[in-house]
Amino acid sequence: MTNDPRTDSIPTPTGMIPTSTGLIPIPTGVVSVTDAVRGAAGETAHVHPGDQLSSARRLAYVLLLGALTALGPFTVDLYLPAFPLLEADFDTTSAAIQLTLTGTMVGFALGQLIVGPLSDKYGRRTPLLIATTLHLLASTAAVFAPTLELLGVTRVLMGIGAAGGGVVAMAMVRDLFGGRRLVIMLSRLALVTGVAPVIAPLIGSALLEVMPWRGIFVVLALYGLTILLCAIFALPETRPATDRISAETVSVRHRYRVVFSDRVYLGVLVIGAMTFSGLFSYLSSSSFLFQETYGLSTLQFGLVFAANSVGLIIGNQIAARLAARVGPQWVLAYSTSMLLVAGIAIPICAAIVPSVWGVIVPLFLFMTSCGFTFPCAQVLALDRHPEAAGTAASVLGAANNGVAGLISPVVGLVSGAAGITPLSMATIMIACSAIGILALWFIVRPRTLGMLSA
């Protein structure tokens, strides 16, 4: 303790770090804050490196970081239409083929947990370049995989490599921006995260019209090569060396402890994972529901996917503006409620309207609500942890993909021999939405959070 009347001694075991969205507990130590330091901080608290960028430069960041983010969803979903071809080529069961998808998502979740903390310690570029190189090599190996077992191994490695793009992209945005502009930038990335899993199977179907299934992995390898070249020549380091020096003195365990000691972050983690799981429950069952249950053609099925992607776009763009005005926590209060309402409406409308429109309309509302939820969950998570943005982003992404990978196959178990129905699909979506609402009001507690900084 200091006796200097010009300073305030903050006992950090019970002290709090103020952020624009609330308070975070300080785990150890004592910090003395002078009047001069407080005055200087007040003048510069709302200045972020990205605020000095021109509109054209910010657009370039959106495009490049969006491409980085999309590498993960495309790696996971681009080959989904090829499942029947893989089953016939390897003379195996559909369950064995689906294990390659599970392996990809597990690798994606693990990769984010590895890359995130490393990007906090060594900077953003180096872990990104290593991870993307791994993706490129694994994609090339998948082209020549002679057995399903080897293909499964390459898929796990592809997932680990693709994880670098998404987690580093979010961390770079947090390095450059804060407050309301952070909401806008994250909404652009959330748009990619939401739309990419929807359009990837459509692109995969188109590719299969002109090439064998192994050609899809050639396309993924070329995508990874493009990302690698862009990262080398066009993507600067956004984490200053001074921040990395301080990060080197902090263990990975410490950064995880800081993140997991934040009540709001934990709540947002649950909300994001449940929303993503609801989305993947739809994605994993939609082809069976629309093509087998309702008899849609491949083209009609594609149009349904396109309509849902429009809902995600609408939700993302409106959410960015609303969050800046009323706060992301209150946008989540609306969107999580609408997720539950839409989920309940799916089987009810399907029973009242026997045609496919009875499912499409409430499903569009569900997807639009997902678009509202994703960017607001991300900004609440990252705005509170600028010094551990990589770690915070990695845990958020790993939870989304890991939990979704475990929950989405449950739709098939609920359906049983009767096949996928609107009720069996909506059951998982309703359960996920209800858990998200509970997490918002009992863990995040919106009333305890303030507005975002300018």
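Quantities reported herein were computed from a predicted structural model and do not represent experimental measurements. (Residues numbered from 1 in each chain as written. Predicted model: local features only at pLDDT ≥ 70, side-chain atom pairs only at ≥ 80, totals over all residues. Heavy atoms only, no water.)

Participant: Help me out: how do you make sense of helix H3 (residues 83-90) in this one?
Facilitator: Count 3.6 residues to each turn of an α-helix, and residues three or four apart come out pointing the same way. Turning to H3, its buried residues are Phe83, Leu86 and Phe90. Angular distribution of buried residues about the axis of H3 spans 60°; they occupy a single face of the element. Exposed positions of H3 whose direction lies more than 90 degrees from the buried face are Pro84 and Ala88. Just past H3, the residue aspartate 91 takes up positive phi, approximately 50°. (Buried < 20%, exposed > 50% of the residue type's maximum accessible area, 1.4 Å probe, protein only. Helix = DSSP H or I, 4+ residues; strand = E, 2+ residues; numbered from the N terminus. Arc of directions from axis to C-beta.)

Participant: I would appreciate a short explanation of empty space enclosed by the protein in the present structure.
Facilitator: With a probe scaled to a water molecule rolled over the atoms, the places where space remains empty come into view. For the structure shown, the criterion picks out 2 cavities of 30 Å³ or more. In this model, the second largest cavity occupies a volume close to 50 Å³. In terms of lining residues, the second largest cavity is bounded by Met274, Thr275, Gly278, Thr336, Leu339, Phe366, Cys370, Cys432, Ser433, Gly436 and Ile437. Of all the elements in the fold, those that place two or more residues in the lining of the second largest cavity are helix H11 (263-293), helix H13 (328-352), helix H14 (357-383) and helix H17 (422-444). At 4 residues, H17 tops the list of elements feeding residues into the lining of the second largest cavity. Here the lining of the second largest cavity is built from residues that sort into 6 nonpolar, 5 polar and no charged. (1 Å grid on protein atoms, 1.4 Å probe; cavity = no way out; pocket = protein on both sides within 12 Å on 5 of 7 lines; lining within 4 Å. Points joined across faces, edges and corners; volume = space filled by probe spheres on them. Nonpolar A, V, L, I, M, F, W, Y, C, P; charged D, E, K, R; others polar.)

Participant: Looking at this structure, how should I read the packing of aromatic side chains?
Facilitator: How two aromatic rings sit relative to each other is set out by the distance from centre to centre and by the angle between their planes. Applying the stated rule across the entire model yields 9 aromatic pairs. Centroid distance phenylalanine 74 to tyrosine 223: 6.0 Å. Interplanar angle 75°. Geometry classified as edge-to-face. Linking phenylalanine 74 in helix H2 (residues 55-77) with tyrosine 223 in helix H8 (residues 214-234), this pair joins segments that are 149 residues apart in sequence. Note on phenylalanine 74: relative accessible area 12%, which makes it buried. Ring centres of tyrosine 79 and phenylalanine 217 lie 6.0 Å apart, and the angle between their planes is 55°; this geometry places the pair in the tilted category. Remark: phenylalanine 217 occurs in helix H8 and tyrosine 79 occurs in the loop between H2 and H3; sequence separation between them is 138 residues. With respect to class, tyrosine 79 is no different from phenylalanine 217; both count as buried. An aromatic cluster of at least three residues, connected via ring pairs, comprises Tyr79, Phe90, Trp213 and Phe217. A cation over a ring is seen here: arginine 155 above tyrosine 79, with NZ or CZ 3.9 Å from the ring centre. (Phe/Tyr/Trp six-rings, centres within 6.5 Å; stacked < 30°, edge-to-face > 60°. Lys NZ or Arg CZ within 6 Å of the ring centre and 35° of its normal.)

Participant: In this structure, what is going on with the layout of surface pockets? I would like to understand it.
Facilitator: In this structure, the second largest pocket encloses a volume near 1,200 Å³. What lines the second largest pocket is a set of 38 residues, among which Leu80, Phe83, Ser284, Ser287 and Phe288 lie closest to the centre. Listing elements by their share of the lining of the second largest pocket, those giving two or more residues are H3, helix H4 (94-122), helix H7 (179-208), H11, helix H12 (298-326) and helix H16 (410-415).

Participant: Can you help me understand the confidence of the model for the protein chain in this one?
Facilitator: Detailed reading of predicted coordinates is not advised where the pLDDT is low. Of all residues in the protein chain, 84% attain a pLDDT of 70 or more, and the chain-wide mean is 80. For residues 1-14, every residue scores under 50 in pLDDT, and the model assigns this stretch 30 contacts once sequence neighbours within four places are set aside. Confidence over residues 26-45 falls short of pLDDT 50; this stretch has 32 contacts with residues more than four positions distant or in other chains. (pLDDT = per-residue confidence, 0-100. Contact = heavy atoms within 4.5 Å.)

Participant: What is the right way to look at the packing of H11 against helix H15 (residues 389-407) in this model?
Facilitator: When two helices pack together, their arrangement is captured by the angle between the axes and the distance separating the axes. Contact geometry of H11 with H15 gives a least axis separation of 8 Å together with a crossing angle of 40°. With respect to H15, the element H11 is oriented oblique. Here the hand of the crossing between H11 and H15 comes out right-handed. Here Tyr265, Val268, Leu269, Gly272, Ala273, Met274, Phe276, Ser277, Phe280 and Ser281 of H11 come into contact with H15, specifically with Thr391, Ala392, Val395, Leu396, Ala399, Asn400, Asn401, Val403, Ala404 and Ile407. Class assignment for the residues of the contact of H11 with H15 results in 14 nonpolar, 6 polar and no charged. (Axes fitted to C-alpha atoms, helices over the stretch in contact; angles between N-to-C directions. Parallel < 35°, antiparallel > 145°, perpendicular 65-115°, else oblique. Left-handed = near helix turned anticlockwise from the far one by under 90°.)

Participant: When you look at the pattern of salt bridges in this model, what are you seeing that I'm missing?
Facilitator: Oppositely charged side chains can pair when the atoms bearing their charge come close. Counted under the stated rule, the structure contains 2 salt bridges. The closest approach of N and O atoms between arginine 124 and aspartate 175, which form a salt bridge, is 2.7 Å. Taken together, the positions of arginine 124 in the loop between H4 and helix H5 (125-143) and aspartate 175 in helix H6 (residues 148-176) put the pair 51 residues apart, joining distant regions of the chain. The two residues arginine 124 and aspartate 175 agree in class, both being buried. For the salt bridge of aspartate 262 with arginine 384, the shortest nitrogen-to-oxygen distance reads 2.8 Å. Note that aspartate 262 is positioned in the loop between helix H10 (252-260) and H11 and arginine 384 in the loop between H14 and H15, a separation of 122 residues in sequence. The exposure classification of aspartate 262 matches that of arginine 384, with both residues buried. (Salt bridge = Lys/Arg side-chain N within 4 Å of Asp/Glu carboxyl O.)

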